[in-house]
Amino acid sequence: MKSAAFQKYVVRHPVSGIYRYYRKVPIEAASFESRRHIKQSLKTRDLKEALERAQAVHAACETYWRAMLSGAERNDAVKQYEAAVRAAQSLNFTYHPAAVVAEMDSLEFFQRVRAVTIARKKPLSTSALVIDAAFGVAPPPAPRLSEVWELYEKHNQAGLTGMSAGQLDLHKTSRERAIRYCSDVLGDVELSSITREDVLRVRDWWNQKILDEGLTAYTANRSFSDMKGMLGAIDDALRTRYREPWLDIRIKTTNATKGKKRRPFSPDFVQNRILAPGALDGMDEDAKLIVYTMVETGMRPNEICNLRPVDIKLDDPVPHLEVADRTDRRQKSEYSVRQVPLVGVALWAMKQRPNGFPKYQDNANTASATINKALRSRELCPTMSHTLYSLRHTFQDRIENAGASDRMQANLMGHEFGRPVYGDGPELKRRQDFLESIKFRWEEPKTPAPIA
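Residues numbered from 1 in each chain as written. Predicted model: local features only at pLDDT ≥ 70, side-chain atom pairs only at ≥ 80, totals over all residues. Heavy atoms only, no water.

## Comments concerning the sheet that holds strand β3 (residues 37–41)
Paired through their backbone hydrogen bonds, the strands of a sheet run either parallel or antiparallel.
Then step 1. Within the open sheet, the three strands sit side by side as β1-β2-β3. Their pairing is antiparallel. With one partner strand each, in any of the chains shown, β1 (10–12) and β3 form the two edges of the open sheet. Mean inter-strand twist for the sheet, computed between neighbouring axes without regard to direction, equals 30°.
Then step 2. Strand direction decides the pairing type here: β1 and strand β2 (residues 19–24), joined by three bridges, are antiparallel. From the neighbouring strand, valine 11 faces β2, where its bridge partner is arginine 20. (Pairing = 2+ DSSP bridges. Helix = DSSP H or I, 4+ residues; strand = E, 2+ residues; numbered from the N terminus. Axes fitted to C-alpha atoms, helices over the stretch in contact; angles between N-to-C directions.)

## Some remarks on unusual backbone geometry
Then step 1. Phi at aspartate 248 takes a positive value of approximately 50°, unusual for a residue other than glycine.
Then step 2. Within the secondary structure layout, aspartate 248 lies in the loop between α10 (217–238) and α11 (267–274).

## Observations concerning the nonpolar core
Then step 1. Of all hydrophobic cores here, the largest spans 62 residues; its most connected members are Met227 and Trp246.
Then step 2. The greatest single-element share of this core, amounting to nine residues, is contributed by α10.
Then step 3. Residue contacts for methionine 227: discarding those within four places in its chain leaves Leu145, Ala178, Ile179, Cys182 and Trp246.
Then step 4. Ranked by size, the runner-up nonpolar core spans 51 residues in total, among them Val270, Leu342, Phe395 and Met408. (Core = buried A, V, L, I, M, F, W, Y, C linked by side-chain atoms within 4.5 Å. Buried < 20%, exposed > 50% of the residue type's maximum accessible area, 1.4 Å probe, protein only. Contact = heavy atoms within 4.5 Å.)

## Here we look at the packing of helix α8 (residues 165–186) against helix α9 (residues 196–213)
Then step 1. Packing of α8 against α9 leaves a shortest axis separation of 10 Å and a crossing angle of 105°. In terms of orientation, α8 and α9 fall into the roughly perpendicular class. Residues Tyr181, Cys182, Val185 and Leu186 of α8 form the contact with α9, whose participating residues are Asp198, Arg201, Val202, Trp205, Trp206 and Lys209.
Then step 2. Its residues placed into classes, the contact of α8 with α9 shows seven nonpolar, no polar and three charged. (Parallel < 35°, antiparallel > 145°, perpendicular 65-115°, else oblique. Nonpolar A, V, L, I, M, F, W, Y, C, P; charged D, E, K, R; others polar.)

## Observations regarding the environment of threonine 387
Then step 1. Looking at the element boundaries, threonine 387 is found in the loop between α15 (364–377) and α16 (390–401).
Then step 2. A sequence separation of 14 residues divides threonine 387 from lysine 373, and the C-alpha atoms of the two residues are 9.3 Å apart.
Then step 3. Residues within four places of threonine 387 in sequence aside, it is in contact with Arg262, Phe265, Asn372 and Arg376.

## Some points on the packing of helix α6 (residues 148–155) against α8
The packing of two helices is summarised by the inter-axis angle and the distance between the axes.
Then step 1. Relative orientation of the contacting elements α6 and α8 amounts to 140°, with a least axis distance of 10 Å. As far as their axial angle goes, α8 and α6 are oblique. Residues Val148, Trp149 and Tyr152 of α6 form the contact with α8, whose own contacting residues are His171, Lys172, Arg175, Glu176 and Ile179.
Then step 2. Here the residues of the contact of α6 with α8 sort into four nonpolar, one polar and three charged.

These figures come from the coordinates and say nothing about function on their own.
Structure, rendered in structure tokens:
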């Protein structure tokens, strides 16, 4: 049976405003499904939350129907167990192991008996699955470490929506690396067999790796966080407890393992070295313009690289860039959504690229690597702690030292401040006036930058 996108089944009640999952039962499932329509309240007026809840409802229906149509799935322990969990959801039960079901109060137990009684009048495969779902007798799943990403991706579709292809690739790479590290220590073991002692062995391995390779505690803790995040999603879907042994496993950060903090460039260095005539000659033209844009906006490299033409407002009364709320790409946080006025060298740079930087779209890592290599080859990084991102720290220091209010700093940097997402027109003009008052000296070239 072909799976349909679940979003189209999320509908909003015209009076109450509460979302619900509503769909007609497919024709191929009608022979064993007593309902003609699936109607389930999602109990929220928030669309994002409704979509997250609808995914579970949709998956429950789809898995239940597929299990009915394909007895082959019952030959696989993980799929059989998964089908029982989803079937229980579809029948408005929570899947519990048989020992828990046996201790239930009489009313809920009777409801489960009633569901089984009705199911016995249907085909054998339907009856067997409902028995598994209602009485918790499906064989426990036995997935291995090597299957974690697959299960996580399958059961976390809503959590992965809104990522660009590049973001999803980085998300996947990080988590597959975490799985590989664990497998190096434990082997491809079943998740249910992993104990607290096993997890402590992984932490010991990381402690030694940090000492041997000069890594930071953040590297290890990020790996632990990735594992816990994936296992948590799997636990929620399969009603398992694979995440528990991984709790409270972080490695304490010390002065020796906390990693090097990016240092800001001094304003004098930016003015007299980076913005000196000819300092960036020979650099990839788009990369050079990204540097110039960052100097007077403090925007993150990925925010600049992923600008769309619609985000570049050169003809507005206050020329500015918009870090927009998007459905095809996630921003770092909700506070990242903002408007940043263009002044000085940044305004000139964006006039050269009114359509953005397609070359580095969804590929900011390549842009950063290219720029950092070019800066170092020109001796424009005073220390190894200075990188392209240091320009963002320089911008933060400049606006703070110039007396920008905490609110204006948050608005310009994209930090949390408990504020509206966008400022109004006058507020944007105030930001422009402030940035004009501290902008670097910049002599516009006589010839425009070539278009890539």
